[in-house]
Amino acid sequence: MTPDEVHKTRATVVGGARSGRAAARLLAKVGGEVFLTEQDAPSDGAAAALDEAGVEYEFGGHTAEALNADVLVLSPGVPTQSNIVQQALRAGLDVYSEIEAASWFCDAPIVAITGTNGKTTTTSLTGHVFRTAFADTPGREAIVAGNIGYPFSDYVLETEPTDVVVLEVSSFQLDHVETFRPRVSVLLNITPDHLGRYDHDFEAYAQAKHNIFRNQGEGDVVVYNRDDDDVRDAVEEAAAEQGVRPMAITREGVPAAGAGFRDGRIVLRTDDEDDSLMPQDELALRGRHNMYNSLAAAVSARVMEVENDVIRESLSGFEGVPHRLEEVRTVDDVLYVNDSKATNVNAVWYALESFDRPIVLIAGGRDKGNDYTDLKPLVRDQVRAVVALGESAEKVERELGGEAPDHSRAATMEDALTQAQRAAQPGDVVLLSPACSSFDMYENYEERGDTFRRLAETLL
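Residues numbered from 1 in each chain as written. Predicted model: local features only at pLDDT ≥ 70, side-chain atom pairs only at ≥ 80, totals over all residues. Heavy atoms only, no water.

Visitor: Looking at this structure, I do not really get the sheet that holds strand 19 (residues 406-410). What am I missing?
Guide: What the six strands build is an open sheet, ordered 15-16-20-17-18-19; its pairing is mixed. Each edge of the sheet is formed by a strand with only one pairing partner; in this case those strands are strand 15 (326-331) and strand 19. Sheet twist, expressed as the average angle between the axes of neighbouring strands with direction ignored, equals 20 degrees. In terms of strand pairing, strand 17 (residues 359-363) meets strand 18 (residues 383-389) through five bridges, oriented parallel. Along strand 18, the bridge assignment pairs valine 360 with alanine 385. (Pairing = 2+ DSSP bridges. Helix = DSSP H or I, 4+ residues; strand = E, 2+ residues; numbered from the N terminus. Axes fitted to C-alpha atoms, helices over the stretch in contact; angles between N-to-C directions.)

Written as structure tokens, this is what we have:
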């Protein structure tokens, strides 16, 4: 669909959360006839905001009116398997994601970032690099939006044209794209996650991630993790077929184009020349996974003509992302770390790998069919005690507890911290890295992490 066609279109937006409301307001503003449908009750202020935007709506369920449309636009929380989407597809209606619809009205170049793990950190870091680059130049601006918390549609609706948009995009947001075309796409890794949304088909989940570069071509760049076999194969195939320029990130040497490491230094190779950027140990973010995140941000910025000194300053001075290996405080020479955003096994693997001292691990929550096999060697080698929490406490204790010298089960976060403090010894890390979603006890992972942080800050 083109922007000019929207004002002739009746669009139903499915999902009344923030991204859905933003898409509805955007489509109404540009002249579309818009109807929003939401299965649950409205959140505070939602109806008033839609009234002000001239959007018709229904809450508390989907009626036949929702399918009286030319197109459906989906909020990221709405799965393709839902009845209303399946009915629309059977009826031959076009179905688009919110980022697809927003992209129709975005003239700025887009740097889009996805991956099972690391996308929030990489998006925040990349945005930080661009904002540092533009800080001393009046009128230049970088927008950071998407899955990171600021809907892309809100940017298009409320902000004047800018120099670059940095988007975090999830597989859910990439499920229904048709023309979405970033100038730079970043694919960090693909490991099993959210498979219930994809009928437990890893290939379907991976394909959704691949959609980030599906529409790219000559003049566009894909930054990809060469050390992830699935990612490498998919990107190299796309490069051959679409003409997109592949730029690799790797921990194994320096690629022909992209970034890697040599003799303890980050080396960029973007124009057939090596730029020795900075010592590896000056990166602000710890851990092997954050090496990839830092390389991805560096290559993306360099492709967009940010100078090396700005990239160097940004990578060494970045303060990190809340709830992702966030160092809260040290008590009695024990470091308390909030990694509440680690909602899958692979993220916990990265977290454990980031420390070279004993760990007391707090894990558990709402299980997503986790297989903890890959964690067991790390737990045996590095974890002093496992404190299991939440709905999956029994499974976590059964799967991981026996791999550590000590293990226990906690009913609340306060109880978990008490047990962790008791188990920890000077020089240890108490790490909240749940491997599970938070919905058994908390509204979201932020609330879980905030609770951990608040309690850790009161420890004596």
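There is more to say, and it comes next.
Visitor: Would you mind showing me how to read the sheet that holds strand 1 (residues 10-14) here?
Guide: Hydrogen bonds between backbone groups are what pair the strands of a sheet, and the pairing can be parallel or antiparallel. Spatial ordering of the open sheet is given by 3-2-1-4-5, a layout of five strands whose pairing is parallel. A strand with exactly one partner marks an edge of an open sheet, and here the two such strands are strand 3 (56-59) and strand 5 (94-97). Adjacent strand axes in the sheet meet at a mean angle of 20 degrees, parallel and antiparallel pairs treated alike. Contacts from helix 2 (residues 18-29) reach strand 1, strand 2 (33-38) and strand 4 (71-74) within the one sheet, and its direction differs from that of strand 2 by about 165 degrees. (Contact = heavy atoms within 4.5 Å.)

Visitor: Please clarify how the UniProt feature "binding site: ATP" (unreviewed entry) in the protein should be interpreted in this entry.
Guide: Under the local residue numbering, the UniProt record ascribes the feature "binding site: ATP" (unreviewed entry) to Gly115, Thr116, Asn117, Gly118, Lys119, Thr120 and Thr121. Within the secondary structure layout, lysine 119 lies in helix 6 (residues 119-134). For lysine 119, the contacting residues outside a window of four places in its chain are Ile113, Thr114, Asn147, Glu168, Val169, Ser170, Leu188 and Lys209. Among the structural elements, threonine 120 can be located in helix 6. (UniProt positions renumbered as here; feature names shortened; annotations may be inferred.)

Visitor: Would you mind going over a negative patch on the surface with me for this structure?
Guide: A contiguous patch of negative charge, built from Asp199, Asp201, Glu203 and Asp230, is present on the exposed surface. With respect to the helices and strands, the residue aspartate 201 is situated in the loop between strand 9 (184-187) and helix 9 (202-210). (Patch = residues over 30% accessible without salt bridge, like charges linked within 9 Å, V, L, I, M, F, W, Y side chains within 5 Å. Areas by Shrake-Rupley, 256 points an atom, 1.4 Å probe, with all protein chains shown as cover. Salt bridge = Lys/Arg side-chain N within 4 Å of Asp/Glu carboxyl O. Lys, Arg positive; Asp, Glu negative; His and termini not counted. Charge placed at Lys NZ, Arg CZ, Asp CG, Glu CD.)

Visitor: What am I meant to see in the pattern of salt bridges here?
Guide: Pairs may arise between side chains of opposite charge once their charged atoms sit close together. Overall, the coordinates contain 22 salt bridges when judged by the stated rule. Between aspartate 220 and arginine 181 there is a salt bridge, and its shortest N-O distance comes to 2.6 Å. Of the two residues, aspartate 220 is situated in the loop between helix 9 and strand 10 (221-225) and arginine 181 in the loop between helix 8 (171-174) and strand 9; the sequence distance between them amounts to 39 residues. Looking at aspartate 220, the relative accessible area reads 6%, which means it is buried. Here arginine 181 falls in the partly exposed class, since its relative accessible area comes to 43%. Note that arginine 380 and glutamate 403 form a salt bridge whose closest N and O atoms lie 2.7 Å from each other. Taken together, the positions of arginine 380 in helix 14 (residues 376-382) and glutamate 403 in the loop between helix 15 (393-400) and strand 19 put the pair 23 residues apart, joining distant regions of the chain. One salt-bridge network, held together by shared partners, links Arg10, Glu33 and Glu65. (Buried < 20%, exposed > 50% of the residue type's maximum accessible area, 1.4 Å probe, protein only.)

Visitor: Sorry, what's going on with the packing of aromatic side chains here?
Guide: Centre-to-centre distance and the angle between the planes together describe a pair of aromatic rings. According to the stated counting rule, one finds seven aromatic pairs in the structure shown. Judged by centre distance (6.4 Å) and plane angle (65 degrees), the ring pair of tryptophan 104 and phenylalanine 105 falls under edge-to-face. Across this residue pair, the class does not change: tryptophan 104 and phenylalanine 105 are buried. Feature note: the residues Tyr96, Trp104 and Phe105 constitute an aromatic cluster, connected by ring pairs. (Phe/Tyr/Trp six-rings, centres within 6.5 Å; stacked < 30°, edge-to-face > 60°.)

Visitor: Looking at this structure, how should I read unusual backbone geometry?
Guide: Phi is mostly negative for residues that are not glycine, and the peptide bonds are mostly trans. You will see that aspartate 263, though not glycine, has its phi angle at about 55 degrees, which is positive. Here aspartate 263 shows up in the loop between strand 12 (258-262) and strand 13 (265-269). Residue aspartate 263 is classed as exposed on the basis of its relative accessible area of 75%. Unlike most non-glycine residues, aspartate 272 shows phi in positive territory, near 65 degrees.

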